[in-house]
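# Breakdown of the fold
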Amino acid sequence: MADDLGNEWWEEPAGEEQSAEAEKNEEISGGNKKKRKTVTVETLPSKKKKKQGKECILKEPTTDEKDSGKKEGTPAKSRRRKKKTITDVLATSAPKAGTPEDLQNLMLQHFSNTRSVIELEELKLADTCFVKPNDLTHTLSSYLNQSCPKWSKLSKNHKEKKSILLLVVCSSAHRTLELIKLINAFRGGTKVLKLFAKHIKIQDHIKQLEKNVIHIGVGTPGRIKALIEQDGLSLECLKYLVLDWNWRDQKLRRMVDIPEVKKEVLELLESGLLSSCRAGSVKLGLF
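Cut-offs and rules
- Residues numbered from 1 in each chain as written.
- Predicted model: local features only at pLDDT ≥ 70, side-chain atom pairs only at ≥ 80, totals over all residues.
- Heavy atoms only, no water.
- Buried < 20%, exposed > 50% of the residue type's maximum accessible area, 1.4 Å probe, protein only.
- Helix = DSSP H or I, 4+ residues; strand = E, 2+ residues; numbered from the N terminus.
- Pairing = 2+ DSSP bridges.
- Right-handed = clockwise from strand over helix to strand, strands pointing away.
- pLDDT = per-residue confidence, 0-100.
- Contact = heavy atoms within 4.5 Å.

By the naming in an unreviewed UniProt entry, the chain goes by Protein CMSS1 and is assigned to Pelobates cultripes.

Laid out in structure tokens, this is it:
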């Protein structure tokens, strides 16, 4: 071969020298090699892998499966019977007019667990204590005309303050306003006072009774009882006590079918009205 200056030179092949050196190295290393012993290894039987347990998942039966179960005769769950309410009972029965016996039985049932036999006997009222009850054909005005035949004379002679001649007891403030409208044909020129706790303070009632001569009071048993206890209302001139017995609300409940009102009515009767009825000074009516 010639370079750029024209000088020729030879190059030995590198492959031959490398192969000769590799042969020498193999001869040297071959003598130093030791004989390897062959060792036979016994193979142990392979352990079987444990199968992982599968989870058991209960699926809810479909509607088709439920229907098929019912058809096959599987026992169905017994349904609890709903308790009949007062509304259910009264809706299926015709309304009956209240009687003095109904009031007597109500008082005996209410006080039977807390009173002795002698005390229960004192709660009973004679038939002469009652005026003729409403037979469901009267309006309030016509019933009062029948029950209070001497009303015009009584109302003219009444001049006592803090006292009332006629007391009508009902279940609510709304019913009180209705009864005051229904009493217009009977009241004439007499003064009527609404007696309930809704939006009216008891001190306002006491002031009205102290300043004015009131002939008729219409209201709830709770407010009337509170006025008697606070000496705002006197029973000295009272001649007639009328309970709004037969009227029913939207749920077909009478006044004595509502637990709170029934309790207040019985407490009102015990606050001195029963003793006045037994003495003959007060007549009791069931409208």
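Text resumes after the structure shown.
### Description of the pairing of strand β3 (residues 216–219)
Here is the key point about a regular strand: its side chains alternate between the two faces of the sheet. Because side chains alternate across β3, one face comprises the buried residues Ile-216 and Val-218, and the other comprises Gly-217 and Gly-219, equally buried. As defined by bridge partners, strand β1 (residues 166–169) adjoins β3 across 4 bridges and the pair is classed as parallel. By the bridge assignment for β3, Leu-166 is matched with Ile-216. Pairing of strand β2 (residues 192–195) with β3 involves 4 bridges; the strand directions are parallel. Considered in β3, the bridge of Lys-194 is made with Val-218. With respect to chirality, the unit in which β2 leads through helix α10 (residues 202–211) into the neighbouring parallel β3 is right-handed.

### As for the confidence of the model for the chain
Note that predicted coordinates carrying low pLDDT should not be read in detail. Overall, the prediction assigns the chain a mean pLDDT of 80, with 67% of residues at 70 or greater. In the predicted structure, residues 2–13 sits below a pLDDT of 50 and forms 7 contacts with residues beyond four places in sequence or in another chain. Long-range and interchain partners of residues 27–35, a stretch whose pLDDT sits below 50, account for 0 contacts in this model, where long-range means more than four residues apart.

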